[in-house]
Amino acid sequence: MSQAWKITVILLAAAGVLSTPLIWLLDGPGAGQLVGATVQAAVGIAALVWALLQRPSTVGPTDRVTRTGKANRGGTTGIRRPGGRGRGAATAERTGEASGGNSVSGIDYSN
């Protein structure tokens, strides 16, 4: 579950727990309204607990290169992930030669 969805579920669950049951109960509830408020609060609490227990996905795309060419004058043979972005695995095998300033053969995590 992404962080945005997690925050959305938490906010909606909190609103469900606090708002509607409170409004129902302030108006002198009958038995049916009391049961409805209890069920709605329980569902909101369950959604809140569920959202809090979700872990962000650690699986991302898998980047893989094999037998790349030559890099000259600042080029990259392989995989380039500026700033280390991306959560998935990156594998570079038998990459080509890198010559010249700032040339990279393999995986480049620099900015």
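Residues numbered from 1 in each chain as written. Predicted model: local features only at pLDDT ≥ 70, side-chain atom pairs only at ≥ 80, totals over all residues. Heavy atoms only, no water.

**Student:** Is there a simple way to explain the overall build of the protein chain in this structure?
**Tutor:** Of the regular secondary structure elements, the protein chain holds three helices and six strands. Within the span of the protein chain, comprising 111 residues, buried residues form 18% of the whole. Of all intrachain contacts in the protein chain linking residues separated by at least 6 positions in sequence, the fraction that spans at least 24 positions is 68%. Summing over all exposed atoms, the protein chain offers an accessible surface of approximately 7,700 Å²; the carbon and sulfur share of this is 60%. (Helix = DSSP H or I, 4+ residues; strand = E, 2+ residues; numbered from the N terminus. Buried < 20%, exposed > 50% of the residue type's maximum accessible area, 1.4 Å probe, protein only. Contact = heavy atoms within 4.5 Å. Areas by Shrake-Rupley, 256 points an atom, 1.4 Å probe, with all protein chains shown as cover.)

**Student:** For this particular structure, what's the right way to read the confidence of the model for the protein chain?
**Tutor:** Detailed reading of the predicted coordinates is not advisable wherever pLDDT falls low. The share of residues in the protein chain with pLDDT of 70 or more is 86%, and the mean pLDDT across the chain is 77. Looking at the elements of the protein chain, mean pLDDT is at its lowest for helix H2 (residues 20-26), recorded as 70, and at its highest for helix H3 (residues 31-53), recorded as 83. (pLDDT = per-residue confidence, 0-100.)

**Student:** Can you help me understand helix H1 (residues 3-18) in this one?
**Tutor:** Helical geometry note: an α-helix holds 3.6 residues per turn, so side chains three or four residues apart project in the same direction. For H1, spanning 16 residues, the distance from its first C-alpha to its last is 23 Å, which sits close to the expected 22 Å at 1.5 Å a residue. Listed in full, the buried residues belonging to H1 are Lys-6, Val-9, Ala-13 and Gly-16. The arc enclosing the buried residues of H1, seen along the axis, measures out at 100°, which places them on a common side. Every exposed residue of H1 that faces more than 90 degrees away from the buried side is listed here: Gln-3, Ala-4, Leu-11 and Leu-18. (Expected span 1.5 Å × (residues − 1). Arc of directions from axis to C-beta.)

**Student:** What exactly am I supposed to notice about the packing of H1 against H3 here?
**Tutor:** A pair of packed helices is characterised by two quantities: the angle between their axes and the separation of those axes. One way to put it is that H1 packs onto H3 with a least axis distance of 8 Å and a crossing angle of 160°. Relative to H3, the element H1 lies roughly antiparallel. The way H1 lies across H3 gives a crossing that is left-handed. Here H1 contributes Lys-6, Val-9, Ile-10, Ala-13, Gly-16 and Val-17 to the contact with H3, which in turn contributes Gln-40, Ala-41, Gly-44, Ile-45, Ala-47, Leu-48, Trp-50, Ala-51 and Leu-52. Of the residues in the contact of H1 with H3, the class split is eleven nonpolar, three polar and one charged. (Axes fitted to C-alpha atoms, helices over the stretch in contact; angles between N-to-C directions. Parallel < 35°, antiparallel > 145°, perpendicular 65-115°, else oblique. Left-handed = near helix turned anticlockwise from the far one by under 90°. Nonpolar A, V, L, I, M, F, W, Y, C, P; charged D, E, K, R; others polar.)

**Student:** Just to check I follow, could you spell out the environment of Gly-78 for this structure?
**Tutor:** On the secondary structure map, Gly-78 appears in strand S3 (residues 76-80). By relative accessible area, Gly-78 is classed as partly exposed at 29%. The residues contacting Gly-78, other than those within four sequence positions of it, are Val-65, Thr-68 and Gly-106.

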